[in-house]
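What follows is the residue order along each chain.
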Protein chains: 2
Amino acid sequence: MIRKKIGRQSVVFTESPCITGRGNVAGEKEGKGPLGECFDIVLKDDMYGEKSWEKAESKMLKEAMLKAAARAGKTPEDIDVMLSGDLLNQLMSSSFTARDTHIPFLGLYGACSTMTESLLIASVLVDGGYARHVLAGASSHFCTAERQFRMPVEHGNQRPPSAQWTATAAGAVVVSAGEAANLSLKSRVYAESATIGRVIDAGIKDANQMGAAMAPAAVDTLLNHLEDTGRSLDYYDMVVTGDLGYIGKDIMMDLLADAGLNKKMIFTHYDDCGTMLFSKSQDVHGGASGCGCSAAVFTGHLLKQMEQGKIKKLLLMSTGALLSTISPFQGESIPGIAHAVSLEVR
Amino acid sequence: MIRKKIGRQSVVFTESPCITGRGNVAGEKEGKGPLGECFDIVLKDDMYGEKSWEKAESKMLKEAMLKAAARAGKTPEDIDVMLSGDLLNQLMSSSFTARDTHIPFLGLYGACSTMTESLLIASVLVDGGYARHVLAGASSHFCTAERQFRMPVEHGNQRPPSAQWTATAAGAVVVSAGEAANLSLKSRVYAESATIGRVIDAGIKDANQMGAAMAPAAVDTLLNHLEDTGRSLDYYDMVVTGDLGYIGKDIMMDLLADAGLNKKMIFTHYDDCGTMLFSKSQDVHGGASGCGCSAAVFTGHLLKQMEQGKIKKLLLMSTGALLSTISPFQGESIPGIAHAVSLEVR
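Residues numbered from 1 in each chain as written. Chains lettered and ligands numbered in written order. Predicted model: local features only at pLDDT ≥ 70, side-chain atom pairs only at ≥ 80, totals over all residues.

### Notes on the overall build of chain A
This is how the line gets drawn: In this description a helix means any DSSP run of H or I spanning at least four residues, a strand means any run of E spanning at least two, and both kinds are numbered starting from the N terminus. Each residue is classed by its C-beta neighbour count within 10 Å, where at least 20 other C-beta atoms makes it buried, 12 or fewer makes it exposed, and intermediate counts make it partly exposed; the C-beta atoms are placed from backbone geometry. In this description, a residue-residue contact is defined by the distance between C-beta atoms placed from the backbone, which must lie within 7 Å.
Within chain A one finds nine helices and 18 strands. Considered along the principal axes of its C-alpha atoms, chain A spans approximately 55 × 50 × 35 Å. Considering chain A as a whole, with its 346 residues, one finds that 66% of them fall into the buried category. Sequence separation of at least 24 residues holds for 80% of the intrachain contacts in chain A that already meet a minimum separation of 6.

As structure tokens, this is what we get:
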């Protein structure tokens, strides 16, 4: 029985997997942005009392996970599976969080698309009856990402206007089975369907052009989602991509218009987390990026809006640039990917 | 309905997800080992006609995937999802394979445990009715892994006796829904249940002691699997770990005996892919390791034995050392993980 597959790339959740908890931690700069008030914890110092940025990022992810579990009224022992990924080589933050919490762990890597990848698989596990409560999350840290992917921060190199600012942020949700969900929440948010993205390579080779590298993948996933589900863009109150930033968002809107979508509808229904996290005056050039960008904007801002009934139907599409530090030296370009999860207030 | 979860960490598959295709590519040295005859493709040159080892590994994974799909009588267009991971930073091999095949892709990272992680999630997607055909695979390459995790190969540094040899190998399977499975196979292999592992850190800090770092995680997963399913070790014709190697296998056997399992039963029912891929005369010191080790031994040797009816019940437990190149310099040890998938001939 392939009863939960729709169209080419999408799946539908019939057992109402419910988001029962959400948690997030944001860095100092992120806390000063327009969404600063939304976050559970805002760091005063991005070292977070640790001796390295990597350890700080690990601690941020762990705190976001524990906060999400606590909001769901659960302890780590109640959680069946933890799904997580980050940008650090060999998923350092996620592995150490899983080690410290002792929760059965499935490591994921979808670059900055990891938040929707983890949410998608968490929803499958709960919807399919394989788990009662699943933690799904992702994290990133400006300083760990810069030194791994670009230049050591201490180098103080100039960033081109197209460069995006990796968010120092972590976010997590608990996805629970319908009957196991906490009934005291006023508005309950459910995962309704999801679309698994394909890798699309637009031929971009510049690590400072992430938005351009990811936008074609986001367009591909969105168009396939709409086709698979038979919906138009205005079915959703809001469609948000993960971290295309200002340039990527413009490319996305142009490509969607080229594909025949109504320009006004795109303008009123579509936005990008990478343009929401920081204000333009914060000097982040191309906008925000990183796994933590959509993870924190989703768990801090968007889910809160859904709980308050301001957004009823949301399509979350975290976007990832599968940038390797080795492949550009071997003449390869940067492949992009985006996964989509449809969320509904019921 | 949490009807597919059993015990603390395990899930059960009730809709008979079936392995309908398998494919693998092995390196030159692997081809000269005791299992050399089993592999679909044995390389004459580990560059595989490419200009870099990374590109060679990508090509190996892609060929293994295409071979598995072909055995299942499928083209890439017939495959709903591809699940894959490798040891390269940012999953280079897997990302490029997903780009070239255009199959919707979920990237995974469980270090050398990735083969069972991908098989486990593939079985969930098929068993739960979310997909008809899913490709699950993993790859590794001696030269890409050495230069990323240890020393450049050209450096020619001496390897301690405990060091393991990363397999140059890739393996993949197609997991298909029961009713979609190819009926012409004589013996059909089904995924029956699975156990999601926890991260266990034994405090090992030496990147040349992978077996010791992973064995405690393998013991934890195996004991939890047996407890969750109410089975004893002799329920299985064979229990195989991924790549503990000679030292890790000895530690595993000791720890299992300490946990009260019958020593003779351990001796007759348990083995490790890392001790099967090479002969001792091939000078690989601690045995084989790498994602590709269990991926190739499973898809080349073990599944063939199952198809021939020589093994009826197999517990495959790929083992991963979540070794980061950064964390040891920050005083961290190497966390281990192992996932288990129970396979049956029916």
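### Re helix 5 (residues 142-149) of chain A
Each α-helix winds once per 3.6 residues, and so residues spaced three or four apart point in a common direction. All names here are of chain A. For helix 5, the tally of buried residues reaches six of eight residues, placing the bulk of the element in the interior. Buried within helix 5 we find Phe-142, Cys-143, Thr-144, Ala-145, Glu-146 and Gln-148. Against the buried residues of helix 5 lie helix 2 (53-71), strand 7 (133-140) and strand 8 (165-166).

### Considering the environment of Thr229(B)
Residue and element names in this part refer to chain B. Here Thr-229 is to be found in helix 6 (residues 210-229). C-alpha separation for the pair Thr-229 and Ala-194, spaced 35 residues apart in sequence, amounts to 9.6 Å. If we skip the residues at most four places from it in the chain, Thr-229 touches Ile-6, Ser-10 and Ser-193.

### Details of the interface of chain A and chain B
Defined as follows: Each residue gets one label: Ala, Val, Leu, Ile, Met, Phe, Trp, Tyr, Cys and Pro are nonpolar, Asp, Glu, Lys and Arg are charged, and the others, such as Gly, are polar.
Across the boundary between the two partners, chain A contributes 54 residues, which contact 55 residues of chain B. Counted by class, the side of chain A that touches chain B contains 27 nonpolar, 15 polar and twelve charged residues.

### What to know about the sheet that holds strand 16 (residues 319-321) of chain B
Residue and element names in this part refer to chain B. As a reminder of what qualifies: Two strands make a pair as long as DSSP finds a minimum of two bridges between them. Axis lines are fitted to C-alpha atoms, over the contacting stretch for helices. Their N-to-C directions set the angle, which ranges from 0 to 180 degrees.
In spatial order, the strands read 11-17-16; together these three strands make up an open sheet with antiparallel pairing. At either margin of the open sheet sits one strand with a lone partner, and together these are strand 11 (200-201) and strand 16. Pairing geometry for strand 11 and strand 17 (residues 335-338), over two bridges, is antiparallel. For Ile-200, the partnering residue across the bridge sits in strand 17 and is Gly-336. Helix-sheet contacts for helix 6 involve strand 11, strand 16 and strand 17, and the interaxial angle to strand 17 is about 45°.

### Some thoughts on unusual backbone geometry
Phi at Asp283(A) takes a positive value of approximately 60°, unusual for a residue other than glycine. Within the element layout of this structure, Asp283(A) appears in the loop between strand 13 (270-272) and strand 14 (288-289). A positive phi angle, close to 60°, is found at Gln90(B), a residue other than glycine.

### So, the relation of the copies chain A and chain B
Stated precisely, the cut-off is as follows: Superposing the copies works by least squares over the C-alpha atoms of residues that have pLDDT at least 70 in both of them.
Relative to chain B, chain A is turned by 180° and slid 0.0 Å along the rotation axis, the superposed coordinates differing by an RMSD of 0.0 Å. As the rotation angle and translation indicate, the two copies are arranged about a two-fold axis. In terms of C-alpha distance to the rotation axis, chain A has Leu108(A) as its closest residue, with the C-alpha 2.2 Å off the axis. A shared interface surface links the copies, since 100% of the contact residues of chain A are contact residues in chain B too.

### Some thoughts on the nonpolar core
Which entries qualify depends on this criterion: For the purposes of this analysis, a nonpolar core is taken to be any set of buried Ala, Val, Leu, Ile, Met, Phe, Trp, Tyr and Cys residues that are connected through C-beta atoms within 7 Å.
Val134(A), Leu135(A), Val134(B) and Leu135(B) are the most contacted members of the largest nonpolar core, which totals 247 residues. Those residues in contact with Val134(A), other than ones at most four positions away along the chain, are Ile79(A), Asp80(A), Val81(A), Leu83(A), Ala122(A), Leu125(A), Val126(A) and Val175(A).

### Some details on the domain arrangement of chain A
All names here are of chain A. Selection rule: In this entry, domain limits derive from an automatic or database-based domain assignment.
Its domain assignment divides chain A into domain 1 (5-180) and domain 2 (189-345). A C-alpha centroid distance of 17 Å is found between domain 1 and domain 2. Taken residue by residue, the interface counts 62 residues in domain 1 and 63 residues in domain 2. Looking at the side of domain 1 that touches domain 2 element by element, the count peaks at seven residues for helix 4 (residues 114-127). Residues that form the side of domain 1 that touches domain 2 fall into these classes: 31 nonpolar, 22 polar and nine charged.

### Here's the deal with helix 2 (residues 53-71) of chain B
Residues and elements named next belong to chain B. Filter applied, for reference: The span you would expect from a helix comes to 1.5 Å times its residue count less one.
For helix 2, which comprises 19 residues, the first-to-last C-alpha distance of 27 Å matches the rise-based estimate of 27 Å (1.5 Å per residue) to within 8%. In terms of burial, helix 2 is a largely internal element, 18 of the 19 residues being buried. Just past helix 2, the residue Gly-73 takes up positive phi, approximately 75°.

### A few points about the packing of helix 2 of chain A against helix 3 (residues 92-101) of chain A
Residue and element names in this part refer to chain A. Here is the rule: By definition in this entry, angles of less than 35 degrees are roughly parallel, angles greater than 145 are roughly antiparallel, angles of 65 to 115 are roughly perpendicular, and the rest are oblique. Here a crossing is called left-handed whenever its near helix is offset anticlockwise from the far helix by less than a right angle, and right-handed whenever the offset is clockwise.
Two elements in contact, helix 2 and helix 3, have axes whose closest approach is 8 Å; the angle formed by their N-to-C orientations is 55°. With respect to helix 3, the element helix 2 is oriented oblique. Of the two possible hands of crossing, helix 2 and helix 3 adopt the one that is right-handed. The segment helix 2 lies against helix 3, with Glu-54, Glu-57, Ser-58, Leu-61, Lys-62 and Met-65 engaging Met-92, Ser-93, Ser-94, Phe-96, Thr-97, Asp-100 and Thr-101.

### Thoughts on the sheet that holds strand 17 (residues 335-338) of chain A
Sheet architecture is open: three strands sit in the order 11-17-16 (chain A), paired in antiparallel fashion. Since the sheet does not close on itself, it has two edges, and those belong to strand 11 (200-201) and strand 16 (319-321) of chain A, each with one partner.

### Side note on the environment of His269(B)
Residue and element names in this part refer to chain B. Along the chain, the position of His-269 falls in helix 8 (residues 263-269). A C-alpha to C-alpha distance of 9.8 Å links His-269 and Leu-314, two positions 45 residues apart in sequence. Those residues in contact with His-269, other than ones at most four positions away along the chain, are Leu-233, Asp-234, Tyr-236, Met-238 and Val-239.

### Details of the pairing of strand 12 (residues 238-241) of chain B
Residues and elements named next belong to chain B. Note: strand 12 against strand 15 (residues 313-317), four bridges, orientation parallel. Looking at the pairing, Thr-241 lines up with Met-317 of strand 15. Sheet topology places strand 12 next to strand 13 (residues 270-272); three bridges connect them, and they run parallel. When the bridges of strand 13 are listed, Val-239 appears paired with Tyr-270.

### Describing the pairing of strand 17 of chain B
Residue and element names in this part refer to chain B. A two-sided burial pattern is seen for strand 17, the buried positions comprising Pro-335 and Ile-337 on one face and Gly-336 and Ala-338 on the other. Pairing of strand 16 with strand 17 involves three bridges; the strand directions are antiparallel. Counterpart to Ala-321 in the pairing with strand 17 is Gly-336.

### Some thoughts on the confidence of the model for chain A
Quick note on the threshold: The score called pLDDT rates the predictor's confidence residue by residue, from a low of 0 to a high of 100.
Mean pLDDT over chain A stands at 95; residues scoring 70 or higher make up 98%. What the predictor reports for the complex is a pTM of 0.98 with an ipTM of 0.97.

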